[in-house]
Amino acid sequence: GNSVTQMEGPVTLSEEAFLTINCTYTATGYPSLFWYVQYPGEGLQLLLKATKADDKGSNKGFEATYRKETTSFHLEKGSVQVSDSAVYFCALGSSYDYKLSFGAGTTVTVRA
Amino acid sequence: GAVVSQHPSRVICKSGTSVKIECRSLDFQATTMFWYRQFPKQSLMLMATSNEGSKATYEQGVEKDKFLINHASLTLSTLTVTSAHPEDSSFYICSARGTDLNEQFFGPGTRLTVL
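Definitions and limits used
Residues numbered from 1 in each chain as written. Chains lettered and ligands numbered in written order. Predicted model: local features only at pLDDT ≥ 70, side-chain atom pairs only at ≥ 80, totals over all residues. Heavy atoms only, no water. Helix = DSSP H or I, 4+ residues; strand = E, 2+ residues; numbered from the N terminus. Contact = heavy atoms within 4.5 Å. Phe/Tyr/Trp six-rings, centres within 6.5 Å; stacked < 30°, edge-to-face > 60°. Buried < 20%, exposed > 50% of the residue type's maximum accessible area, 1.4 Å probe, protein only. Core = buried A, V, L, I, M, F, W, Y, C linked by side-chain atoms within 4.5 Å. Pairing = 2+ DSSP bridges. Axes fitted to C-alpha atoms, helices over the stretch in contact; angles between N-to-C directions. Disulfide = S-S within 2.5 Å.

Novice: Mind showing me how you'd approach the environment of H85(B) here?
Specialist: All names here are of chain B. You can see H85 is positioned in the loop between β8 (76–81) and β9 (90–97). Put simply, H85 and C13 are 72 residues apart on the chain and 9.2 Å apart in space, counted from C-alpha to C-alpha. If near-sequence neighbours (up to four positions away) are discounted, H85 is found in contact with S15, K66 and V114.

Rendered as structure tokens:
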């Protein structure tokens, strides 16, 4: 079945530091890949997505590239801000029924 | 666009009572809605898929008689937790899917506490 393995946190960074959160997946077919962000007390918001191999999703300075050869979709940001403090979820969308499978989530705290 | 609301945002109830949670797509029609459960500091677990006008499809291990789902219109799905017990306390999140089958829009969640 489909599954997502995500780097465990928590991750604590200083402002302007470089952020990487690793995400690898196992899937049948040709899934879509997503990164969602959850701010404290709120629901999930789509951060970025990629629907096929070699696609790069980007938003708000975050990037992730769909790597089929390594079955990965690592999230990166070159210079984080305090406002980036949140929980980040990697997710896989099945190409058969479009259901989402989520990773465990990574809590990121950015200190001023 | 693509806003999903949930009501209530928080609810506290006594053990043995039933609680209804509403999920609405505010500016689009959603033929499919999903219900998730999130335990503290854990990921989201899909409970069921709700299709407008038909019965919900439950994931393995989810009690359909305990978690009643109704999707009566293209903009509203409801989850009723029947005879709630403390172990049902959790964060319940819904999502709605529009015309792009690859994308789900999430509600802000409902925090249920059963005393």
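Back to the text.
Novice: What am I meant to see in the packing of aromatic side chains here?
Specialist: Two descriptors summarise a pair of aromatic rings, namely the distance from one centre to the other and the angle between the planes of the rings. Inspection of the entire model under this criterion finds eleven aromatic pairs over all chains. Between F102(A) and Y36(B), the ring centres sit 5.7 Å apart and the planes meet at 85 degrees, which makes this aromatic pair edge-to-face. Of the two residues, F102(A) is situated in strand β11 (residues 100–102) and Y36(B) in strand β4 (residues 32–38); the pairing between them involves two chains. By relative accessible area, F102(A) is classed as buried at 11%. Under the relative-accessibility criterion, Y36(B) is labelled buried at 0%. Members of the aromatic cluster, connected to one another through ring pairs, are F34(A), Y36(A), F89(A), F102(A), Y36(B) and F106(B).

Novice: Please explain the environment of V62(B) as it appears in this structure.
Specialist: All names here are of chain B. Along the polypeptide, V62 turns up in the loop between β6 (57–58) and β7 (67–73). Residue V62 is classed as buried on the basis of its relative accessible area of 14%. For the pair V62 and L46, spaced 16 residues apart in sequence, the C-alpha to C-alpha distance is 9.3 Å. Leave out the neighbours within four places in its chain, and V62 touches M47 and F67.

Novice: Looking at this structure, I do not really get the nonpolar core. What am I missing?
Specialist: Side chains of nonpolar character tend, in soluble globular proteins, to be buried together. Residues W35(A), F73(A) and Y88(A) are the most contacted members of the largest nonpolar core, which totals 26 residues. When contributions to this core are tallied by element, the ones reaching two or more residues are β2 (11–14), β3 (19–21), β4 (23–26), β5 (32–38), β6 (44–50), β8 (62–65), β10 (86–93) and β12 (106–111) of chain A. Among the elements that take part in this core, β10(A) stands out by supplying four residues, more than any other. Grouped together as the second largest cluster of nonpolar side chains are 24 residues, F28(B), A56(B), F67(B) and I69(B) included.

Novice: Looking at this structure, how should I read the sheet that holds β8(A)?
Specialist: Within a sheet, neighbouring strands are paired by backbone hydrogen bonds and run either parallel or antiparallel to one another. All names here are of chain A. Judged by pairing direction, the sheet is antiparallel, and its four strands sit side by side in the order β3-β9-β8-β7 without closing on themselves. Where the open sheet ends on each side, the last strands, each with one partner, are β3 and β7 (56–59). Strand-to-strand twist in this sheet, taken as the mean axis angle between neighbours without regard to direction, amounts to 15 degrees. Sheet topology note: the β7/β8 ladder contains four bridges and is antiparallel. Bridging across to β8, G57 finds its partner in A64.

Novice: Explanation requested: the state of the cysteines in the structure shown.
Specialist: Covalent bonding between the sulfur atoms of two cysteines is what defines a disulfide. Going through the model one piece at a time under the given rule, you end up with two disulfides over all chains. Covalent S-S linkage joins C23(A) and C90(A), the inter-sulfur distance amounting to 1.9 Å. Measuring the twist about the S-S bond at about -70 degrees, one finds the C23(A)-C90(A) disulfide to be left-handed. Residue C23(A) is located in strand β4, and its partner C90(A) is located in strand β10; the two are separated by 67 residues in the primary sequence. Residue C23(A) shares its accessibility class with C90(A), and that shared class is buried. A disulfide bridge connects C23(B) with C94(B), and the sulfur atoms are separated by 2.0 Å. Residues C23(B) and C94(B) are joined by a disulfide whose S-S torsion is about 80 degrees; by sign, that bridge is right-handed. Remark: C94(B) occurs in strand β9 and C23(B) occurs in strand β3 (residues 19–25); sequence separation between them is 71 residues. In this pair, the class of C23(B) matches that of C94(B), namely buried. Between C13(B), a free cysteine, and C94(B), which holds the nearest cysteine sulfur, the sulfur-to-sulfur gap is 18 Å. Note on C13(B): relative accessible area 9%, which makes it buried.

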